[in-house]
Amino acid sequence: CDAVFHLVSTTLPRSSNENPGYDVETNVVSTINLLDCARRSGVARIVFASSGGTVYGQPRQIPIPETHPTDPLCSYGISKLSIEKYLHLYQELHGLDYRILRFSNPFGERQRISMAQGAVAVFLYKALRREVIEIWGDGSVVRDYFYVGNAVSAMLAALEHRGRGRVFNIGAGQGLSLNELLDRIERILGRDVERRYVAGRAFDVAANVLDTTFARDELGWTIRTSFDDGLVLTCDWMKGLAA
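The rules behind each value
Starting from 1, residues in each chain are numbered consecutively following that chain's sequence as written. Selection of residues for local features in this predicted model requires a pLDDT of at least 70, selection of side-chain atom pairs for listing and counting requires 80 or more, and totals for whole chains, interfaces and linings are taken over all residues. Excluded from the side-chain calculations are hydrogens and water; all other atoms, namely the structure's heavy atoms, are used. At least two bridges found by DSSP between two strands are what make those strands a pair. A run of DSSP states H or I qualifies as a helix once it reaches four residues; a run of E qualifies as a strand once it reaches two. Both are numbered from the N-terminal end. Take the buried residues of types Ala, Val, Leu, Ile, Met, Phe, Trp, Tyr and Cys, join any two whose side-chain atoms come within 4.5 Å, and each joined set is a nonpolar core. Burial classes follow relative accessibility: with a 1.4 Å probe on protein chains only, a residue under 20% of its type's maximum area counts as buried, one over 50% as exposed, and anything between as partly exposed. Ring pairs shown here join Phe, Tyr and Trp side chains whose ring centres sit within 6.5 Å, with only the six-membered ring taken for Trp; geometry is labelled stacked below 30 degrees between planes, edge-to-face above 60, and tilted in between. We call a charge positioned above a ring when the Lys NZ or Arg CZ atom is no farther than 6 Å from the ring centre and deviates by at most 35 degrees from the ring normal.

Engineer: Any chance you could explain the sheet that holds strand β9 (residues 176-177) here in plain terms?
Structural biologist: Strand pairing in a sheet takes place through backbone hydrogen bonds and is either antiparallel or parallel in direction. Across the sheet, 3 strands lie side by side as β9-β6-β11; this open sheet has mixed pairing. Unpaired on one side and paired on the other, β9 and β11 (207-208) mark the two borders of the sheet. One ladder, built from 2 bridges, connects strand β6 (residues 142-143) with β9; its direction is antiparallel. The partner of R143 across the bridge, within β9, is L176.

Engineer: Mind showing me how you'd approach unusual backbone geometry here?
Structural biologist: Excluding glycine, residues mostly have negative phi values, and the peptide bonds linking residues are mostly trans. Of the consecutive residues I62 and P63, the connecting peptide bond is found in the cis state with omega at 0 degrees. Secondary-structure assignment places P63 in the loop between β2 (45-51) and α3 (75-94). Despite not being glycine, R110 shows a phi value in the positive range, around 70 degrees. Considering the arrangement of structural elements, one finds R110 in the loop between β4 (105-107) and α4 (119-128). Non-glycine residue R130 carries a positive phi angle of around 60 degrees. Looking at the secondary structure, you find R130 in the loop between α4 and β5 (133-136).

Engineer: Explain the nonpolar core to me, please; I cannot follow it from the model alone.
Structural biologist: A general tendency of soluble globular proteins is for nonpolar side chains to be buried together. Membership of the largest hydrophobic core comes to 26 residues, with the highest contact counts inside it found for F123, Y145, I185 and F227. Residue assignment for this core shows that the elements contributing at least two residues are α4, β5, β7 (145-147), α6 (178-189) and α8 (227-242). Counting residues in each nonpolar core, the second largest holds 16 residues, with A154, F168, F214 and A215 among its members.

Engineer: Looking at this model, I keep getting lost on the packing of aromatic side chains. Mind explaining?
Structural biologist: Aromatic rings in a pair are described by how distant their centres are and how their planes are angled relative to each other. Overall, the coordinates contain 4 aromatic pairs when judged by the stated rule. Seen from their ring centres, F168 and F214 are 5.0 Å apart, and the 15 degrees between their planes marks the pair as stacked. In this pair, F168 is assigned in strand β8 (residues 167-170) and F214 in helix α7 (residues 213-219), connecting sequence segments 46 residues apart. In terms of burial, F168 and F214 fall into one category: buried. Put simply, the rings of F107, Y147 and F227 touch in pairs and so form one group of aromatic residues. Just above the ring of Y98 sits the side chain of R166; from NZ or CZ to the centre is 5.3 Å.

Quick look at the structure:
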């Protein structure tokens, strides 16, 4: 095995603060075990799926560059950042090469609805089933949503990358509020969806949009599938589940 794509996470941002010890044991410690196995097995590179949505914490500027301070507000983000640091350590100690992709909010076919992770998938599934959609806060929270096919192309670019830099933001580079997201869903369904607004969450920052300039310049990566086209593809796949 020449390379490993590390995509595993046992926790979600919304629940990680409930048991930080479990988060560290199952994600950080398990990743160290993975890195030890990788170096013993002669793996040349790790490509790690980090979180551009949580490692930065409260944004000081929008869009957020890779050089932005990292002050996560949830254990999930701290664990992701810890893994980034251990990747750097293993490169320094053992020569294990790595690339880190700080994803914003990917969505697309085969996303696990049961995990309740990802506003696009959860909202779309409920809308297809004509269920009430609950929104944390007033719906003004802005996130950087992008289609999963673009995430895959970024991972493949990171696998082959031979240039400078090891940490890259990957996202659409533009944001949508939760209300705007629901507007887009209503547009492709051709009907209104029922919304219910509930109390906001303490760890949710008001806006998170990533600056992807470095990925464009260094990886040669850009968005190939637009949000709207990705939403249609996801909807077509999801109709079978929601029937």
